Each structure stands twice: as C-alpha cells, then as structure tokens.
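For reference, the chains in residue letters:
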Amino acid sequence: QSVWGYDRENGPEHWHENYPMAKGDKQSPIEINSKDVRHDSSLSSWHASYDPGAAKTILNNGRTCRVVFDDSFDRSVLRGGPLTGAYRLRQLHLHWGSADDHGSEHVIDGVKYAAELHLVHWNPKHGNFAGALKQPDGVAVVGVFLKVGKTPKPEMKRILEEIDNIKTKGKEAPFQHFDPSILFPKSRDYWTYHGSFTTPPCEECITWILLREPIEVSPDQMARLRSLSKNGENEPMCPLVDNWRPLQPVKGRIVRASFK
Ligand code: BO1
Ligand code: ZN
C-alpha cells in the first residue's frame, strides 16, 4: 500500500495503518439520527459572504473534484451558527457514488444521498491552514447533500461544464468569478457536531455544519460528475466514483440541530 485511496488495497479500512488518527474518538462522517439530535435554541443562523473574485482554479486530484479560492485575506467568509468569528473559504469539493442510492459521507436517518458537497473554511486566528488543522476550532465545513430528481440545479452548471477540461488526475483549469453560495438550498436549517476530516490524516479539527435541505440535481448532472477519471492522462481508464468514507463511531458525541 503506497498512497491512500478508496480501493480495497488502500481504502478506508487501511487508513489507520499510516494515519493512526483515523481511529480517533471524534471521526467523521457519522449517521445523524433525528431521535438522538438535540435542538439548541441558542444556535444562531450562519451567513456566508463570498466574493466571486476569490475563485481561482478547478482540479481533479484523482480523489475528488476541487475548486480552490484565494484565502490570503478575509475575502470569502463564513460566520455565525456554532462558530465564533469569521472562517475563510479555502476550497470546495464533492464526494459521490457509482449509483444514486449512495455517495454521501454523512447519512441522515438511514438515508444516503447521491453526493455531498463540502465547503471548507479555516479559522484565521491560527495563522494559516496548516496551523488551523492542529486546533479543535480550526476548520468549519458546510455540507450540502445532493439528491437526484427531475430538476437539474442550474447553479451546478459552471462546475459540471468544466469537468471535460479536468477529466483525468492532475488536470487543472482556471475557474474564476464564482460565488459558491448559489449552491445552497433555500433553508438555512442545519445540524452541527465536532468531528474530523474524512480523508487522511483525519485530523479532529472540524466543526461540521450539515444543511438539512438537500439540493436536487438531474440524472444527467450526476452522470457528468461520474465521468471524471482517477487515472492520469494516457493511463487505463478508471472512473472516479465512490470517493466517500463510511460511517464512523459516534462515541457519545451530541449532534445539535438549529431547528425543531
Ligand atoms: S473533508 O471536508 O473532510 N472531506 C476535507 C478533506 C480534506 C481536505 C479538506 C476537507 N483538505 C486536505 C488538504 C490537504 C491537507 C489535508 C489535511 O486536508 O487538501 O492538503 O493536508 O487533512
Ligand atoms: Zn469532503
């Protein structure tokens, strides 16, 4: 086993061999069970204020499709909800399945969505992203679930139309003037809990903010996402699908809800 991935020989069951934190007490993702969730009336609403000019590039790293943002100052920030202070947007990426009935990392009352969008922010009081990873309040990720229905999400077009330009591992393309808040659902309702990165080294520094309302994408839009490859150019074709980590033990953590 050389580098981590999602295959049998390098997948989630192996990660702890090189990254012992993967067996920690606050790992992600988890299942959210409505009956175990605690409504917290002190949880305020969250606000994203994103600068479209902060978007830089889109890339395929062989494990996901990622959009990178300029985070050299407080340009695109997330505030409120369970957070103290402003967190800077660094990147967004997705996790998805090989079929519509799985692909999300978090599971809601037994429901696996077709995909999960992650908007990754870090706390600038820790200096830089690497410093934030070492702190319990270092990172905040907003998770948006994608379900497949009849109606395409037109706001997903920008990302999906770039996919042909980043088909294979290592490909990168300019991706400018994009405000990712257009991808949010109507409702601001969320669940929150403290957990980890869902990829190695699985540091336990994430305040998860999971949006209750999924967004809907069309079968054609999901097919486009699944048309990415995890192989490099001129290598045998291998579809990039099922890049999700399975559920981790809750270990007594409490999930709070902003809504009743
Ligand atoms: S996720 O939202 O938990 N799925 C997630 C996973 C990985 C990253 C961000 C969010 N980013 C990676 C960076 C690496 C860095 C690593 C630290 O986090 O791309 O450069 O070393 O765990
Ligand atoms: Zn993720």
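Everything below is about the structure printed above this text.
The rules behind each value
- Residues numbered from 1 in each chain as written.
- Chains lettered and ligands numbered in written order.
- Predicted model: local features only at pLDDT ≥ 70, side-chain atom pairs only at ≥ 80, totals over all residues.
- Heavy atoms only, no water.
- Helix = DSSP H or I, 4+ residues; strand = E, 2+ residues; numbered from the N terminus.
- Rg over C-alpha atoms; globule rule 2.2 N^0.38 Å.
- Buried < 20%, exposed > 50% of the residue type's maximum accessible area, 1.4 Å probe, protein only.
- Donors = N, O, S within 2.8 Å, 3.2 Å for Na, K, Ca; no water.
- Contact = heavy atoms within 4.5 Å.
- Near = heavy atom within 4 Å.
- Polar contact = N/O pair within 3.5 Å; in protein donor to acceptor, adjacent residues only side chain to side chain.
- Areas by Shrake-Rupley, 256 points an atom, 1.4 Å probe, with all protein chains shown as cover.
- Nonpolar A, V, L, I, M, F, W, Y, C, P; charged D, E, K, R; others polar.
- 1 Å grid on protein atoms, 1.4 Å probe; cavity = no way out; pocket = protein on both sides within 12 Å on 5 of 7 lines; lining within 4 Å.
- Points joined across faces, edges and corners; volume = space filled by probe spheres on them.

Novice: I'd like a rundown of the overall build of the protein, residues and numbers included.
Specialist: Secondary structure summary: the protein contains four helices and 15 strands in total. Relative to the 2.2 N^0.38 estimate, which gives 18 Å for 260 residues, the radius of gyration of the protein is 17 Å and therefore close to what a compact globule would have. With the principal axes as the frame, the protein shows a C-alpha extent of 55 × 40 × 40 Å. By the burial criterion, 54% of the 260 residues in the protein qualify as buried.

Novice: Can you break down the coordination of the zinc ion (ligand 2) residue by residue, with the values?
Specialist: The zinc ion (ligand 2) binds to the protein through H93 (NE2), H95 (NE2) and H118 (ND1), with metal-donor distances spanning 1.9 to 2.0 Å. Written as a sequence motif, the donor residues of the zinc ion (ligand 2) are H-x1-H-x22-H. On the basis of relative accessibility, which here comes to 11%, the residue H93 falls in the buried class. Judged by relative accessible area, which is 2%, H95 ranks as buried.

Novice: Break down the environment of F69 for me, citing the residues and quoting the values.
Specialist: Its place among the elements puts F69 in strand 5 (residues 65–69). You can call F69 buried: its relative accessible area is 1%. The spatial distance from the C-alpha of F69 to the C-alpha of F178 is 9.5 Å, given a sequence separation of 109 residues. In contact with F69, other than residues within four places in its own chain, are A54, A55, K56, L89, R90, Q91, L92, F178 and P180.

Novice: Give a description of the site of ligand 1 that names residues and reports values.
Specialist: Taken together, 14 residues lie around ligand 1, and R66, H95, T198, T199 and E203 are the ones closest in. Within the side chain of H118, one N or O atom sits 3.3 Å away from an oxygen atom of ligand 1. Between a nitrogen atom of ligand 1 and a side-chain N or O atom of T198, the distance comes to 2.7 Å. Taken by itself ligand 1 offers 490 Å² of open surface, and the protein chains cover 78% of this. At the level of secondary structure, the elements contributing two or more residues to the shell around ligand 1 comprise strand 7 (87–96) and strand 9 (115–122). Considering every element that reaches the shell around ligand 1, the biggest residue donor is strand 7, with three residues. Classifying every residue of the shell around ligand 1 by side-chain character gives six nonpolar, six polar and two charged.

Novice: Account for the layout of surface pockets, naming residues and giving values.
Specialist: Estimated volume of the largest pocket: approximately 480 Å³. Those elements giving two or more residues to the lining of the largest pocket turn out to be strand 5, strand 7, strand 9 and strand 13 (206–211). With five residues, strand 7 is the largest single contributor of residues to the lining of the largest pocket. Taken together, the residues that form the lining of the largest pocket break down as 13 nonpolar, nine polar and six charged. Of the volumes computed, that of the second largest pocket is approximately 300 Å³. Along the wall of the second largest pocket there are 18 residues; nearest its centre are V3, W4, G5, D7 and N10. Its residues placed into classes, the lining of the second largest pocket shows five nonpolar, seven polar and six charged.

These figures come from the coordinates and say nothing about function on their own.
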